[in-house]
Amino acid sequence: MSGIVQVAKQFHSDTEAWDLKSYVLGALFYRFLSEDLAAFINAEELAAGATDFDYADLDDATAEQARLTTIDEKGYFLLPSQLYETVQSGAAKDENLNETLVSVFKALEATAVGTASENVYKGLFSGFDPNALVLGDTVDARNKRLAGLLTAIAGYEMNNAADDFDELLRYYVTTAGKKGGDHFTPPTIAELVARLATQANPEARSVYDPAFGSGSLLIQTRQRLAHEATVSGQELVRTNYNMARMNLLVHGIEFGWIDLDGGASTLTDPSHRDDEPFDIIVSNPKWSAKWVGKDDAVLINDDRFAPAGVLAPKQYHDLAFTMHAASWLATDGVAVLVQFPGTLYRGAAEAKIRQYLVTNNFVDTVIQLPPDWGYGVTVAGVVVILRKAKRDSAVLFVDASKLCDRVGNKNELLEQHQTAILDAVASRGDIEHFTRLVPNEDIALQQFDLSVSRYVQPADNRVAVDIRALNAKIAGIVERQNELRTGIDAIVADLEGAAS
């Protein structure tokens, strides 16, 4: 168990974990920002010849001189009195710790107001409420609990804040089960999605996720590009929105490249209409959730959904996200979407949407994943790749349902599994029992069913049986049984005769 997870477990029980995650993640992020800012200013002074300079030792009045230049570079500013180590060192004796923390967080967010970083830092700590009753019934109880958290986070060795943040997210998701899995894509699946996207479009300059959750797909994809690219997206759940912004920043994505929005649904209130189309779209929306659908008469005329002539059904919003991605995808772009397998074969409106996507040659690849890789679900998901500039009029089907190793209590796609999938997608040819390239007109004959199992036949691993030899063996066994019965009957008869 890592140090940061031990800190979390000291702060709360597993049953409280999901509800209290914002405090541990927020405190870790606060320490990261403080140390990152101090290191930046210290490096600037060292370069200027001040070899014994330490920003934390300055008085606030002197430190003010660095405010504007620091905000330009880092997007925020903290005075020495507001740094994590300063607040933490006095936390145990601070009877107003709750007010101190509120003041620091508000001051930090305020430094970005009116600057290029405002949207990245605005409301970032809104989920860290020192006065929430979930922390305790009294101010004193809450402050003692928070002081303990600050001390514990100050005491553990933070070698890589990004790795620690990832470790915390995995811990919270695994303790929350399905509730957590709705907001987090497992690392190996996120890695596969990112590799598929960047392999298809290595020159991408924009990455977008319409339902980014914790932001893992955006981070993985951005990190695999050899150059800078804008990272955009939208998330309905505000706690996820805050968590994802922290996640991107702690992973070294600078504020000037981040354009995230939260609190509204992408399907009904999209926030990036002025920014589309996007070079890469990656997403793993919550599977088969309800949405307003046809109850909103305006949506059928929305330019994202209108081309299919039908809306995704109210009980399943999955293909509404697919249509959204197809609409906002650049002509030479690629969309890699993780979906519930039902989107491939369910009928009615969803069949009509698949018909639109296939006949317009948007569906590039469908990959069947193994089962039991998600948190809280055992269903085998699928990856659907959309492209507008395809080199053929066909869909590649890949059966990767057996490509996994059991790690702990989950199946994971390790390097060799991912490489096999990536190579198959790149070669785009038929491999017996693994891949098949199917012309769009053949898919039409199957009523636009996109299930991988319909097109890729699994290997028959049953042992061949020689029926004649088996029958002869059975006949021999029966004959031997008859001989034994005859012998037993004779023995019994002799015994009965002797007894009489």
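None of the values given here were measured: they were computed from a predicted structure. (Residues numbered from 1 in each chain as written. Predicted model: local features only at pLDDT ≥ 70, side-chain atom pairs only at ≥ 80, totals over all residues. Heavy atoms only, no water.)

Moving on to the side chain of Thr 185. Tracing the chain through its elements places Thr 185 in the loop between helix H10 (178-181) and helix H11 (187-200). Within polar-contact distance, the side chain of Thr 185 engages the side chain of Asn 284 at 3.0 Å. Apart from the residues lying within four places of it in its own chain, the contact partners of Thr 185 are Ala 190, Ser 216, Leu 217 and Asn 284. (Helix = DSSP H or I, 4+ residues; strand = E, 2+ residues; numbered from the N terminus. Polar contact = N/O pair within 3.5 Å; in protein donor to acceptor, adjacent residues only side chain to side chain. Contact = heavy atoms within 4.5 Å.)

Looking now at helix H15 (residues 349-359). Taken across its 11 residues, H15 has 8 buried, putting it largely inside the fold. Three or more residues of H15 are buried, namely Ala 349, Glu 350, Ala 351, Ile 353, Arg 354, Tyr 356, Leu 357 and Val 358. The elements touched by buried residues of H15 are helix H14 (318-328), strand S6 (363-368) and helix H17 (440-445). Asn 361, located one to two residues past H15, shows a positive phi value of around 60 degrees. (Buried < 20%, exposed > 50% of the residue type's maximum accessible area, 1.4 Å probe, protein only.)

Attention shifts here to the environment of Leu 386. With respect to the helices and strands, the residue Leu 386 is situated in strand S7 (residues 382-387). Overall, Leu 386 belongs to the buried group, its relative accessible area being 1%. Sequence separation of Leu 386 and Ile 281 is 105 residues, and the distance between their C-alpha atoms is 9.2 Å. The residues contacting Leu 386, other than those within four sequence positions of it, are Thr 322, Ala 325, Ala 326, Leu 329, Gly 333, Val 334, Ala 335, Leu 337, Phe 362, Val 363 and Asp 364.

Once that is clear, we can look at the pattern of salt bridges. On inspection of all chains with the given rule, the structure shows 22 salt bridges. With a closest N to O distance of 3.3 Å, Glu 16 and Arg 145 form a salt bridge. Within this pair, whereas Glu 16 is found in the loop between helix H1 (3-11) and helix H2 (17-47), its partner Arg 145 is found in helix H8 (residues 139-155), the two being separated by 129 residues in sequence. When its relative accessible area of 28% is taken as the criterion, Glu 16 is described as partly exposed. (Salt bridge = Lys/Arg side-chain N within 4 Å of Asp/Glu carboxyl O.)

Now for the packing of H11 against helix H16 (residues 415-427). Two elements in contact, H11 and H16, have axes whose closest approach is 11 Å; the angle formed by their N-to-C orientations is 30 degrees. The angle between H11 and H16 places the two elements in the roughly parallel class. Viewed along their axes, H11 and H16 form a crossing whose handedness is right-handed. Contacts between H11 and H16 involve Thr 188, Glu 191, Leu 192, Arg 195, Leu 196 and Gln 199 from the first element and Glu 415, Gln 418, Thr 419, Ile 421, Leu 422, Val 425 and Ala 426 from the second. Looking at side-chain class alone, the contact of H11 with H16 contains 6 nonpolar, 4 polar and 3 charged residues. (Axes fitted to C-alpha atoms, helices over the stretch in contact; angles between N-to-C directions. Parallel < 35°, antiparallel > 145°, perpendicular 65-115°, else oblique. Left-handed = near helix turned anticlockwise from the far one by under 90°. Nonpolar A, V, L, I, M, F, W, Y, C, P; charged D, E, K, R; others polar.)

Across the interface, H1 lies against H8 with an axial gap of 10 Å and an inter-helix angle of 165 degrees. Put simply, H1 runs roughly antiparallel to H8. Viewed along their axes, H1 and H8 form a crossing whose handedness is right-handed. Here H1 contributes Ile 4, Val 7, Gln 10 and Phe 11 to the contact with H8, which in turn contributes Arg 145, Leu 149, Ala 152 and Ile 153. Split by residue class, the contact of H1 with H8 holds 6 nonpolar, 1 polar and 1 charged.

Attention now moves to the environment of Tyr 172. Along the chain, Tyr 172 turns up in helix H9 (residues 161-176). A relative accessible area of 1% means that Tyr 172 is categorised as buried. C-alpha of Tyr 172 to C-alpha of Asp 296: the two residues are 124 residues apart in sequence and 36 Å apart in space. Setting aside anything within four residues of it in sequence, one finds Tyr 172 in contact with Ala 8, His 12, Ala 17, Trp 18, Leu 20, Lys 21, Val 24 and Leu 25.

Okay, a nonpolar patch on the surface next. A surface patch of nonpolar side chains, about 330 Å² in accessible area, is lined by Ile 467, Leu 470, Ile 474 and Val 478. By secondary structure assignment, the location of Leu 470 is in helix H19 (residues 467-499). Here Leu 470 falls in the partly exposed class, since its relative accessible area comes to 38%. (Patch = residues over 30% accessible without salt bridge, like charges linked within 9 Å, V, L, I, M, F, W, Y side chains within 5 Å. Areas by Shrake-Rupley, 256 points an atom, 1.4 Å probe, with all protein chains shown as cover.)

All right, on to helix H12 (residues 216-223) then. Burial within H12 is extensive, with 7 of its 8 residues counted as buried. Those residues of H12 that fall on the buried side of the exposure criterion are Ser 216, Leu 217, Leu 218, Ile 219, Gln 220, Thr 221 and Arg 222. Looking at the packing, one finds that the buried side of H12 touches H11, strand S1 (206-209), strand S2 (230-235), helix H13 (238-250), strand S3 (258-262) and strand S4 (278-283).

All chains considered together, the criterion is met by 19 aromatic pairs. Ring plane angle 50 degrees and centroid distance 6.4 Å describe the contact between Phe 11 and Tyr 23, whose orientation is recorded as tilted. Separated by 12 residues along the polypeptide, Phe 11 in helix H1 and Tyr 23 in helix H2 bring together distant segments of the chain. Seen from their ring centres, Tyr 30 and Tyr 84 are 5.1 Å apart, and the 65 degrees between their planes marks the pair as edge-to-face. One end of the pair, Tyr 30, is in helix H2; the other, Tyr 84, is in helix H5 (residues 84-89), and 54 residues separate them in sequence. You'll find Tyr 30 and Tyr 84 in the same group, each marked buried. Pairwise contacts between aromatic rings join Phe 11, Tyr 23, Phe 29, Tyr 30, Phe 32, Tyr 84, Phe 105, Phe 125 and Phe 128 into one cluster. We note Arg 31 situated over the ring of Tyr 156; from NZ or CZ to the ring centre the distance is 5.4 Å. (Phe/Tyr/Trp six-rings, centres within 6.5 Å; stacked < 30°, edge-to-face > 60°. Lys NZ or Arg CZ within 6 Å of the ring centre and 35° of its normal.)

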